[in-house]
Amino acid sequence: MEKIRKEFPILDQYIYANTAASGLLYDSLLDWRQEHDLDFLIGGSAMKMKSLALLSETRKTVGLFFGCRPENVALVPNFSLGLNLLLEGLDKKNKVLLLENDYPSVNWPFESRGFPTYYVKMSADFETHIADRIKKEKINVLALSLVQWLNGIQIDMEFLKELKMEYPDLVIIADGTQFCGTRNFDFETSGVDILGASAYKWLLGGYGCGFFLVKNAVQARFSVKSTGLHATNNDPLGEAPIPFCKHLEPGHLDTFNFGSLQFSLKFFNRIGIEHIEAQLQKLSQKAKREFAALDLLDEEVLKRKDHSPIFNIKGNETLFRYLTKNNVVCAQRGGGIRLSFHFYNTEKDINVIVGILKNS
């Protein structure tokens, strides 16, 4: 990983513990972007027409990376837009189960449309409460983030698979923005029916790109009406049937943004997602031990067997400023200080942060 760290110049100046807010731009992606725009500069529309094939290639790359058929991949500018388009086609009579204090872009689209909504409070055993609530209320849709943005608690993926087996008609919609790029994930064999994600965090794809993965079995539950010339593969008469995922792509897509996503997925493949996962598990376990020893973690996090690389430690504005003054890039979230570690971080980074915390 030390060689890979050289791709990220910011690491020479700071301890970057803020991927949960924004992933980093890196040298080889910058080179690709500059070449892309240079081609546009000298080629104009001819270059753009030739590069449209890049979008189809990106769908294939996303599908291969996440174990999903390319035709079940929709390229979207961000998670929020994709979810809102989807929900316009979902019957408002569906009972929806959400998590309290989940990311607003997960909960608000359901709440604003008047779906009957029920909630589970975040706790160390929140999976048990989800199962109980689904049974009690006869829930039709479960929507949640796979990793919670405030404290990094990650849902048990095996639990979702078992839940889907017990309730095959339950539609499970997941936000993978804080999850995708941290662990190996196979969509087809998972319990998730619809997975959406923005790619500017852990996938290092930059801004303005994301995707939705939709299983065939749940497409009939939606009647999505959004359309446009791009959705018809540029059929000027609009007579061609529109595949489900193309309804989530009504307008043009930027080859700069989605080419960046494809480049980063290939970058991840060169590193090996299994190596990335192993590095993040090592960093997560160390951070949890160190922060727990300083009594900086909430009880619900301490009781979890497995945890993501995102931690919210107890701390006020003064501590946040002290960390920032000592060149630690982090964020204030949910009344604490959120620290998040990616594969370009090291155990030394955590040791330095712990030293700063002890001296604060």
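Coordinates for the structure precede this section.
None of the values given here were measured: they were computed from a predicted structure.

Colleague: Hey, could you run me through the pattern of salt bridges in this one?
Modeller: Pairing is possible between side chains of opposite charge, provided their charged atoms come close. By the definition in use, this model includes 14 salt bridges. Here Arg304 and Glu127 are joined by a salt bridge, their closest N and O atoms 2.7 Å apart. Highlighted residues: Arg304 in the loop between helix H11 (299–302) and strand S9 (310–313) and Glu127 in helix H6 (residues 126–137), separated in sequence by 177 residues. The salt bridge partner of Arg321 is Glu317, with a shortest N-O separation of 2.9 Å. Highlighted residues: Arg321 and Glu317, both in helix H12 (residues 317–325), separated by four residues, approximately one helical turn. Of the residues examined, Arg321 reaches a relative accessible area of 57% and is grouped as exposed. The structure contains a network of salt bridges with shared partners spanning Arg59, Lys246 and Glu249.

Colleague: Got a minute to help me understand the side chain of Ser105 in this structure?
Modeller: For Ser105, the location among the structural elements is in helix H5 (residues 104–112). We classify Ser105 as buried; its relative accessible area is 19%. Within the local environment of Ser105, its side chain forms a polar contact with the side chain of Ser80, the two groups lying 2.9 Å apart. The residues touching Ser105, leaving out its near neighbours within four places in the chain, are Phe79, Ser80 and Leu83.

Colleague: What exactly am I supposed to notice about the packing of aromatic side chains here?
Modeller: Following the criterion strictly, the structure yields 19 aromatic pairs and no others. A ring pair is formed by Tyr26 and Phe267, whose centres lie 4.5 Å apart and whose planes are at 20°; its orientation type is stacked. Taken as a pair, Tyr26 in the loop between strand S1 (15–16) and helix H2 (27–51) and Phe267 in helix H9 (residues 255–271) lie far apart in primary sequence, 241 residues in all. For the pair formed by Tyr26 and Phe267, the shared burial category is buried. An aromatic cluster is built from Phe8, Tyr26, Trp32, Phe65, Phe66, Phe211, Phe263, Phe267, Phe268, Phe343 and Tyr344, whose rings are joined through pairwise contacts. A cation over a ring is seen here: Lys48 above Phe40, with NZ or CZ 5.1 Å from the ring centre. Lying over the aromatic face of Phe187, Lys215 brings its terminal NZ or CZ to 5.2 Å of the ring centre.

Colleague: Help me understand the sheet that holds strand S4 (residues 117–120), please; the structure alone is not making it clear to me.
Modeller: Adjacent strands of a sheet form backbone hydrogen bonds with each other and so pair up, either parallel or antiparallel. Strand order in the open sheet formed by seven strands is S2-S8-S7-S6-S5-S3-S4, with mixed pairing between adjacent strands. This sheet does not close on itself; its edge strands, each paired only once, are strand S2 (73–76) and S4. Ignoring strand direction, the axes of neighbouring strands in this sheet form an average angle of 20°. Judged from the two bridges that link them, strand S3 (residues 96–99) and strand S5 (residues 141–145) form a sheet pairing that is parallel. In the strand pairing of S5, Val96 is matched with Val141. Helix H3 (residues 53–66) rests against S2 and strand S8 (210–214) of the sheet, and its axis sits at about 120° to S2.

Thresholds, definitions, all that
Residues numbered from 1 in each chain as written. Predicted model: local features only at pLDDT ≥ 70, side-chain atom pairs only at ≥ 80, totals over all residues. Heavy atoms only, no water. Salt bridge = Lys/Arg side-chain N within 4 Å of Asp/Glu carboxyl O. Helix = DSSP H or I, 4+ residues; strand = E, 2+ residues; numbered from the N terminus. Buried < 20%, exposed > 50% of the residue type's maximum accessible area, 1.4 Å probe, protein only. Polar contact = N/O pair within 3.5 Å; in protein donor to acceptor, adjacent residues only side chain to side chain. Contact = heavy atoms within 4.5 Å. Phe/Tyr/Trp six-rings, centres within 6.5 Å; stacked < 30°, edge-to-face > 60°. Lys NZ or Arg CZ within 6 Å of the ring centre and 35° of its normal. Pairing = 2+ DSSP bridges. Axes fitted to C-alpha atoms, helices over the stretch in contact; angles between N-to-C directions.

Interpretation in functional terms is not warranted from these geometric data alone.
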